[in-house]
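# Structural features, examined
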Amino acid sequence: MAERCAVIGVGQTHHKAKRDDVSIAGMVREAAKMALADADLTWSDIDAVVIGKAPDMFEGNMMPELYLAPALGAVGKPMIRVHTAGSVGGSTALVAAHLVKSGRHKRVLTVAYEKQSDSDAMWALSVPQPFAAPLLAGAGGYFAPVIRAYMRRAGAPDHIGRMVAVKDRLNALRNPYAHLHLPDIDMAMVEESIMLWEPLRYLESCPSSDGAAAMVLAAEDAISGSNPPAWIHGTAMRSEPTIFAGRDQVNPRAGRECAADVYAQAGITNPREQFDCAEVYVPFSWYEPMWLENLGFCEQGDGWKLTESGATAFDGDIPWNCSGGVLSSNPIGASGMLRFLEVAMQVRGQAGEHQVDGAKLALGQAYGGGAQFFSMWVVGSEKP
Amino acid sequence: MSAPSGTVRPVSVASFAQSPNIRRDDQRNEVEGLLPVIAEVFGNIGITKDDVDFICSGSTDYLIGGPFSFVMALDAVGVWPPRAESHVEMDGAFALYEAWTLLQEGEIDAALVYSFGRSSLGDLNEILTLQLDPYYMAPLWPDIVSLSALQARALIDAGKATEADFAEVASRSRRDALANPKAQVAKDVAVDVLLQDPYVVEPLRRHALPPITDGAAAIVLAAGDKATAWSERPVWISGIDHRIETHALGARDLTSSPSTALAAQHAGVADGKVDIAEIHAPFAHQEIILRQAMGLDASVTINPSGGALAANPMMSAGLIRIGEAASRIAAGQADRAVAHATSGPCLQQNLVCVLEGA
């Protein structure tokens with residue numbers, strides 16, 4: 001039988017365009033030490049380490065977990081390296097959770113990172129492959145046509161994307177760790193920013209960040225630290241193929257089924273009502289209304305209306321991405337884990353200025369690849 | 001550190017398949033290489049992808065030289081409708097560990113594990129240099145054969161082995177590989193002949209190096225009723241564990257493998273008599289180090305398949321060790337076997353799996 005598992009420590013770096021004061025090892029260690037301190041533990045209390053990041057080509061290190069083992073106190077311990085594209089930060093946390101849920105370990109450290117300033121993600125995503133269409137425009141170029149399909153399908157007006165861009169950057173002003181702090185952000189500023197991939201403007205896209213995230217997960221009889229635990233109520237992963245005739249890329253079936261799975265485990269029948277907040281992977285503004293529909297927070301075609309009504313704003317009834325989200329900090333490999341970590345902070349009541357009052361139950365979601373890999377968890381302040 | 005829980009859910013290696021291991025598979029891409037392997041691993045026990053609840057794969061982008069090589073590889077399984085699936089940037093043996101962990105929770109009963117890699121696409125010796133510390137080691141470009149030669153030299157200097165011992169390992173491995181239809185390098189050459197080989201990097205002669213191999217492998221894990229329904233003689237994983245060492249080669253005693261010893265202890269290698277061991281030792285001298293770390297005496301048959309010296313498909317060679325060991329138990333040739341997988345320069349990370357017949 002699966003053991004109960006909780007988040008008992010969280011840590012993250014101040015996400016920035018360039019962390020040229022630290023090596024990759026120094027950066028991941030910074031987040032890990034913070035998570036250990038939060039859990040009131042030291043390196044020797046940790047049984048295993050699970051690390052994740054996006055493609056190795058981003059920094060040019062093959063299987064960097066080998067080099068990072070000593071920096072993360074993993075010597076003499078099991079260490080696992082996860083890679084599931086953009087969803088990897090979430091999947092990494094889920095693999096760590098399974099090590100605890102299976103009864104295998106009591107306390108597991110999980111870490112995810114990207115040091116984009118050491119890299120060129122656009123180049124790494126655009127290496128020509130035999131028999132495959134080159135992705136010369138990076139992720140934005142890949143997703144822009146999908147967004148246009150959504151706008152047409154849902155009859156969504158142009159300004160919705162800009163609203164999300166403004167809302168998440170306003171939230172980021174409450175989060176000291178966020179990369180982008182744009183105090184003057186408003187609709188006009190987004191509209192005046194350069195068009196990158198129609199309909200996505202510069203300010204409707206995520207930044208390139210250096211940063212790391214870390215969590216300590218523990219079994220019920222190994223809870224420590226002075227902050228309350230965030231109990232894991234459900235975990236799920238789903239994948240579907242990148243391309244085939246008839247695939248719905250706007251509202252992927254893998255995302256819907258992943259949500260259905262995690263909701264069933266956590267007893268969620270009405271996500272908008274039952275969740276106090278959510279952290280959802282929105283690297284391009286329009287993915288908020290699209291995922292609102294995919295995750296069942298509203299009916300099909302109504303996602304943009306929810307965004308437009310202000311329901312997902314910090315003071316709305318279902319705030320999304322109070323941390324500022326991926327639109328405000330994007331250390332790619334860590335971006336998914338930050339979603340999972342931020343909801344743990346919310347239900348532990350440690351989110352500071354971006355804390356949702358009395359948050360008890362929250363959803364963390366990450367996606368990757370051609371919107372084909374999904375990982376999700378539900379965390380709560382109460383034991384499941 | 002906590003020891004693995006005493007109450008381990010029995011999980012069986014229900015089916016195993018591997019591609020032919022060849023020097024250069026330039027007629028097929030990764031998906032085409034995997035398709036027959038996946039078909040065979042299901043076909044062996046008459047099941048389909050719908051009979052497994054979880055899929056986990058192991059591969060590395062650096063072989064193909066592009067991001068997300070595992071993404072298209074999923075097409076070899078065909079994850080439609082969508083499936084619960086995960087991937088490690090590690091040998092498939094570690095993917096098997098992840099799947100085994102999920103099976104321990106008791107909520108699912110079967111998993112598909114697979115791995116693949118075409119080492120022929122680039123210069124493998126150079127590519128593996130990119131595994132090293134990117135600030136202090138990789139810029140010096142020490143290649144993996146040279147680092148392994150340093151390890152072999154340390155072994156000789158410590159009086160723990162001789163060049164003739166390396167040749168002995170190579171001679172036996174390739175002779176045993178004659179009985180393995182999937183082997184890439186199989187031949188019967190005497191030790192004194194091998195010792196006439198020129199050095200590649202002293203003290204490693206050509207025979208002490210693994211071949212460069214393209215290949216893929218897959219295993220189906222099963223628990224509960226599926227384990228007994230899918231096998232006449234289930235092969236159970238009685239223990240599995242893996243450990244990592246520091247990356248700094250200067251801080252390690254390269255003549256021993258403490259991470260293997262620790263993993264062997266946690267996997268329970270010494271809890272019974274070992275009949276055979278499939279050891280993932282890419283370089284001949286590493287078998288000697290690993291054998292000692294796992295406490296395997298002269299009574300244990302080592303690498304009846306020929307091991308990694310007969311075929312070394314990157315990212316699959318470890319998973320294949322588990323499959324080869326399980327196959328011999330299933331065939332009644334052994335009752336208890338040890339399988340081992342390694343990763344990183346000079347045996348930095350090691351996994352040990354103990355398998356037992358019913």
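Note that the structure is predicted; figures quoted are calculated from it, not measured.

Each value, and the rule that gives it
- Residues numbered from 1 in each chain as written.
- Chains lettered and ligands numbered in written order.
- Predicted model: local features only at pLDDT ≥ 70, side-chain atom pairs only at ≥ 80, totals over all residues.
- Heavy atoms only, no water.
- pLDDT = per-residue confidence, 0-100.
- Contact = heavy atoms within 4.5 Å.
- Phe/Tyr/Trp six-rings, centres within 6.5 Å; stacked < 30°, edge-to-face > 60°.
- Helix = DSSP H or I, 4+ residues; strand = E, 2+ residues; numbered from the N terminus.
- Buried < 20%, exposed > 50% of the residue type's maximum accessible area, 1.4 Å probe, protein only.
- Lys NZ or Arg CZ within 6 Å of the ring centre and 35° of its normal.
- Buried area = accessible area lost by both parts, 1.4 Å probe.
- Salt bridge = Lys/Arg side-chain N within 4 Å of Asp/Glu carboxyl O.
- Nonpolar A, V, L, I, M, F, W, Y, C, P; charged D, E, K, R; others polar.
- Patch = residues over 30% accessible without salt bridge, like charges linked within 9 Å, V, L, I, M, F, W, Y side chains within 5 Å.
- Areas by Shrake-Rupley, 256 points an atom, 1.4 Å probe, with all protein chains shown as cover.
- Axes fitted to C-alpha atoms, helices over the stretch in contact; angles between N-to-C directions.
- Left-handed = near helix turned anticlockwise from the far one by under 90°.
- Core = buried A, V, L, I, M, F, W, Y, C linked by side-chain atoms within 4.5 Å.
- Parallel < 35°, antiparallel > 145°, perpendicular 65-115°, else oblique.

### Observations regarding the confidence of the model for chain B
The predicted model of chain B averages 96 in pLDDT, with 98% of residues at 70 or higher. Across residues 1-5 of chain B the pLDDT falls below 50, and counting only partners more than four positions away or on other chains, this stretch makes 15 contacts in the model.

### What to know about the packing of aromatic side chains
Any two aromatic rings considered together are summarised by their centre-to-centre distance and by the angle between their planes. Applying the stated rule across the entire model yields 22 aromatic pairs over all chains. Considering the side-chain rings of Tyr67(A) and Tyr135(B), the 6.2 Å spacing of their centres and the 55° angle between planes classify their relative orientation as tilted. Here Tyr67(A) is found in helix α2 (residues 65-68), whereas its partner Tyr135(B) is found in the loop between α5 (124-127) and α6 (144-157) on a different chain. By relative accessible area, which is 7% here, Tyr67(A) ends up buried. Here Phe68(B) and Phe70(B) contribute two aromatic rings whose centre-to-centre distance is 6.4 Å and whose plane-to-plane angle is 75°, an arrangement assigned as edge-to-face. By relative accessible area, which is 1% here, Phe70(B) ends up buried. Through a chain of ring-to-ring contacts, the aromatic side chains of Tyr142(A), Phe143(A), Trp197(A), Tyr281(A), Phe284(A), Tyr287(A), Trp291(A), Tyr367(A) and Phe374(A) assemble into a single cluster. In this arrangement the basic side chain of Arg253(A) is found over the ring face of Trp80(B), its NZ or CZ atom lying 5.0 Å from the centre. When the ring centre of Tyr199(B) is taken as reference, the NZ or CZ atom of Arg205(B) above it lies at 4.2 Å.

### Section: the environment of Pro181(B)
Along the polypeptide, Pro181(B) turns up in the loop between α7 (163-176) and α8 (191-194). Taking the C-alpha atoms as reference points, Pro181(B) and His285(B), 104 residues apart in sequence, are found 25 Å from one another.

### Details of the interface of chain A and chain B
Counting from both sides, the interface comprises 56 residues of chain A and, opposite them, 60 residues of chain B. Both faces combined, the contact of chain A with chain B buries some 5200 Å², and carbon together with sulfur accounts for 63% of it. Contact with chain B buries surface across chain A, with Met62(A), Leu66(A) and Arg104(A) losing the most and accounting together for 17% of the total. The interface formed by chain A and chain B contains two salt bridges. Ionic pairing is found between Glu105(B) and Lys101(A), a salt bridge with its closest N-O pair at 4.0 Å. Of all the elements in the fold, those that place two or more residues in the side of chain A that touches chain B are α2, β3 (79-82), α3 (88-101), β8 (230-239) and α8 (253-266) of chain A. Here the residues of the side of chain A that touches chain B are counted per class, giving 29 nonpolar, 14 polar and 13 charged.

### Describing a nonpolar patch on the surface
All names here are of chain A. A surface patch of nonpolar side chains, amounting to about 320 Å² of accessible area, comprises Ile194, Leu196 and Tyr202. Tracing the backbone shows Ile194 in the loop between α7 (187-192) and β5 (195-197). Accessibility expressed as a relative area gives 55% for Ile194, which makes it exposed.

### Some words on the packing of helix α5 (residues 138-154) of chain A against helix α10 (residues 287-294) of chain A
Residue and element names in this part refer to chain A. Axis separation between α5 and α10 bottoms out at 10 Å; the angle between their running directions is 65°. When you trace α5 past α10, the crossing you get is left-handed. From α5, Phe143, Val146, Ile147 and Tyr150 reach across to α10, where they touch Tyr287, Pro289, Met290 and Glu293. Considered class by class, the residues forming the contact of α5 with α10 number seven nonpolar, no polar and one charged.

### Let's talk about the nonpolar core
Ranked by internal contacts, the top residues of the largest apolar core, which has 223 residues, are Phe297(A), Trp377(A), Leu221(B) and Leu355(B). The leading source of residues in this core is helix α13 (residues 332-348) of chain A, at 10 residues. Ala14(B), Val37(B), Phe116(B) and Val220(B) belong to the second largest nonpolar core, which has 31 residues in total.

### Brief notes about the packing of α7(B) against helix α11 (residues 284-293) of chain B
All names here are of chain B. Direction vectors running N to C along α7 and α11 enclose 100°, while the axes themselves pass 8 Å from each other. On the basis of the axis angle, α7 is roughly perpendicular to α11. Residue-level contacts link Asp165, Phe166, Val169, Arg172 and Ser173 of α7 to Ala284, His285, Glu287, Ile288 and Arg291 of α11. Residue classes in the contact of α7 with α11 are distributed as four nonpolar, two polar and four charged.

### Observations regarding the side chain of Gln18(B)
Its location among the elements puts Gln18(B) in strand β1 (residues 11-18). The residues touching Gln18(B), leaving out its near neighbours within four places in the chain, are Val37(B), Glu40(B), Lys182(B), Ala216(B), Ala217(B), Ile320(B) and Glu324(B).

### Some remarks on unusual backbone geometry
Cis peptide bonds are those with omega within 30 degrees of zero, and the linkage from Glu198(A) to Pro199(A) qualifies with 5°. With respect to the helices, strands and loops of the structure, Pro199(A) is situated in the loop between β5 and β6 (200-201). Going from Glu202(B) to Pro203(B), the amide bond is cis rather than trans, its omega being 5°. Relative to the helices and strands, Pro203(B) resides in the loop between β5 (199-201) and β6 (204-205). Look at Ala85(A): it is not a glycine, yet its phi comes out positive at around 60°. Relative to the elements of secondary structure, Ala85(A) occurs in the loop between β3 and α3. Classification of Ala85(A) as buried rests on a relative accessible area of 0%. A positive phi angle, close to 65°, is found at Phe68(B), a residue other than glycine. Within the secondary structure, Phe68(B) sits in the loop between α2 (61-64) and α3 (69-73).

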